Amino acid sequence: MKILVCISHVPDTTSKINFTDGDTKFDTNGVQYVINPNDEFGLTRAMWFKEKQGAQVTVVNVGGPETEPTLRKALAIGADAAIRVNTEAKDGFQVAKELANVVSDGGFDLVIAGRESIDYNGGMVPGMIAALTNANFVTNCISLEVDGTNATAIREIDGGKETVATSLPLVIGGQKGLVEESDLRIPNMRGIMMARKKPLSVVEPINATAETNSVKFEKPVPKGAVTLVDADNLDELINLLHNEAKAI
Amino acid sequence: MSVLVYTESEQGKFKKTAFEVASYAKAVADQMGTTVTAITINAADTSELGNYGVDKVLNVSNGDLDKFNANAYASAIAQAAKKEEAKVVVVSSSADSKYLAPILAIGLEAGYASNVVAVPSSTSPFTVKRSAFTNKAFNMTTIDTDIKIVGVSKNAFGLVESSGSVSSEDFSPTLPSLGVTVQSVDKATDKVTIADAEIVVSAGRGLKGPENWGMIEELAEVLGAATACSKPVSDLGWRPHSEHVGQTGKPVAANLYIAIGISGAIQHLAGINSSKIKVVINTDPEAPFFKAADYGVVGDAFEVVPALIEKLKAFKAQNA
C-alpha cells in the first residue's frame, strides 16, 4: 500500500495571532511552526500501517522552502520520503488541485489528510482531493483499518459516530482518535539523523489557480471585563443570565 | 438564478440549522434581488421553510438516501443547483454538510468558503467574512468563481422569520455510486449533542476525577444542556473524546457556555470563542478564563455547582 500523508505547516496552537501589511498578511514574527495537529494523528496512523502492514509512507506539503523543517520532522517521525510542491498555498482549491496531481502521479492508494488545518480552517482539501481523483472519501475519521483493498472507518457525526465500509483508493480527513494523543511520536536523535538522508523532492506546481482570495484579516473585538458574582449569591448569577444575557 | 439552500433534516424533521441557513439564504437573495429555493432530502413536512424565507422547495424522496452519503447528497444538490441555475449555494456547518461541501464544490466548479459568519459585505466581488485561526481571527475572502458555495457557521446568523408561502415540487436526481456505505450508527438519542445544544456545560481537571461528573451531568440536565470537557480530561480518559472541545477537539458555538474547573488555555478558548455568553466557575481568580468570560464565580466547584443546581431547579419551577 502506498500512503500519501498531506502535511500542513501551521502556527503552533499557542501562537498569538497578529497581522501585518495593513492586516492583509499573517505576522510570522516569533511564530513557531508545527505539523498541523489533525495531520499528525494521520501521520502516526500511517506509521502503524508501515510497521504492521508494510506500507510505504510519503509526506507532502504545498509551500515554499520555509516549510521544509516541518517535512523533515515528518521524516524524523518515520515517513519514508517527502515531496514539497514549490508554490505558495493560496486557497483550499489550489492546494487540493496541486495535491491531486501528486496523488495521480505517484499512484497512491490511500491519502491521509487532516480534517482541517488549524490556521485556515477551510476543511476542504481532503474532500476536494477525493473528488478530483475519483477516490472514496471519509472525513472526521477517528478509526481506520485497511485489509487488502477494503477499508473500514469510523467517522464522528454530530452527537455520535458512524461505522462505514469503503475501498481503496481512499482519502481520509483525519483527527484525534485515529490514534490517541499518547501514541504521537517525538522524533528521537536516530530519527532526526536518518531524516537528513531521506529523499525530500521539490516538484514544480501545475499552477492551479485559486478560486477564493483572502482580502483582509480582522481580530475579534476585545471582550469587556468579566462580571464577578459572589459564590454565596448565585441567585444573582441566575438573575443576570436570565434578565441581562437572556441565556436561560 | 435563485439562491439554493440545502436544508438538512434528520428522520424527516428539519434540524435547527436548516432554518438558520434558510434565513441566511433569504438575506443573500434579498441582496441579489432573487428568490430562495431549498433542496430537502427525505423531509416529511416542508411547509415550515416558508417561515424562514424559502419560496420554493425541491423535495427529494428516495429510500436509498435514508442514510447520509456525501457523494450522493452532493450530487443531488449539484443537480438542483444546475436545474435552478443557482449562482449561490448555501450549506450549514454540520458534520454532514462540511463533509459534502468540498465534493459539491468540485462538482459545480464552484469556489467554497466555510465558517462564514455574516452575510456578504458585497455581492460583486462576492465577499464574505469567515472565521479562521480557530476563531482567533476573521478573514475577509472573495469567492471569484461563477457559482459560489457558502458554508454558514452555526449560530452566527440566527433565525430570521419572514412570512410567505412556499411551493413544493418533487425532484428525482440520478444518484452516483455511493463508494462509502454505512454499516452502523452509534448515536445517543436521549442526550443533547454539543453540535445542537443551546447550552453547553463543560468541566476540566478541577473536577479531580471522573467519579465527580455526576453533578456536571445533573447541571446539564437541569439546563437541557450538552456536556463537554477540556483536553486534559479527555486525554486522561475521564471523559470520551467526543466531549473534548477546543482547538483540536470540537468547536462550540452555543448561546451559553459554562466552564467549570477549566483554567482557559489559549487552545481551549479558541474552540469555544464563538459561544455567545461564557460563564466561568473556578477556584483560582487568576485563571486566564476569567479574562474571556462574561460572568465569573470564584469558588470551589464542589460547593458552587450543587448550590447552583438547587437554585436553578427552583428558578425553573418558578418559570415553568
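Everything numeric here is computed off the predicted structure, so don't read it as measured data. (Residues numbered from 1 in each chain as written. Chains lettered and ligands numbered in written order. Predicted model: local features only at pLDDT ≥ 70, side-chain atom pairs only at ≥ 80, totals over all residues.)

A. Broad picture of the overall build of chain B. A count of helical and extended segments in chain B gives 8 helices and 18 strands. Against the compact-globule benchmark of 20 Å for 320 residues, chain B has a radius of gyration of 21 Å, which places it among compact chains. C-alpha atoms of chain B, sized along the principal axes, occupy 60 × 40 × 40 Å. The contacts of chain B with a sequence gap of at least 6 include a subset with a gap of at least 24, amounting to 65%. (Helix = DSSP H or I, 4+ residues; strand = E, 2+ residues; numbered from the N terminus. Rg over C-alpha atoms; globule rule 2.2 N^0.38 Å. Contact = placed C-beta atoms within 7 Å.)

B. Looking closely at the sheet that holds strand β11 (residues 160-167) of chain A. Taken in spatial order, the 10 strands of this open sheet run β13(A)-β7(A)-β6(A)-β1(A)-β8(A)-β12(A)-β9(A)-β10(A)-β11(A)-β13(B), and their pairing is mixed. Either end of the sheet is taken by a strand with one partner, and the two such strands are β13 (200-203) of chain A together with β13 (181-187) of chain B. Averaged over all adjacent pairs, the angle separating strand axes in this sheet is 30°, with direction ignored. The strands touched by helix α1 (residues 37-53) of chain A within the sheet are β1 (2-6), β6 (56-62), β8 (110-114), β9 (136-147) and β12 (170-174) of chain A, with β8 of chain A carrying the most contacts at an inclination of about 150°. (Pairing = 2+ DSSP bridges. Axes fitted to C-alpha atoms, helices over the stretch in contact; angles between N-to-C directions.)

C. Inspection of the interface of chain A and chain B at higher detail. Taken together, the contact pairs 59 residues of chain A with 71 residues of chain B. Those elements that place two or more of their residues in the side of chain A that touches chain B are α4 (125-133), β9, β10 (150-157), β11, β14 (212-218), β15 (227-229) and α6 (234-244) of chain A. Partitioning the side of chain A that touches chain B into residue classes produces 28 nonpolar, 18 polar and 13 charged. (Nonpolar A, V, L, I, M, F, W, Y, C, P; charged D, E, K, R; others polar.)

D. How the structure looks around the UniProt feature "domain: Electron transfer flavoprotein alpha/beta-subunit N-terminal" (unreviewed entry) in chain A. According to UniProt, the feature "domain: Electron transfer flavoprotein alpha/beta-subunit N-terminal" (unreviewed entry) maps to residues 23-212 of chain A in the numbering used here. In residues 23-212 of chain A, the share of helix is 32% and the share of strand is 32%. The end C-alpha atoms are 17 Å apart. (UniProt positions renumbered as here; feature names shortened; annotations may be inferred.)

E. Quick peek at the pairing of β11 of chain A. Strand direction decides the pairing type here: β10 of chain A and β11 of chain A, joined by 8 bridges, are antiparallel. Across the sheet, residue T152 of chain A finds its bridge partner in β11 of chain A, namely A165 of chain A. The hairpin turn running from β10 of chain A into β11 of chain A, its antiparallel successor, is 2 residues long, and G159 of chain A in that turn takes a positive phi close to 85°. In terms of strand pairing, β11 of chain A meets β13 of chain B through 6 bridges, oriented antiparallel. Among the inter-strand pairings, A165 of chain A is bridged to a residue of β13 of chain B, identified as T181 of chain B.

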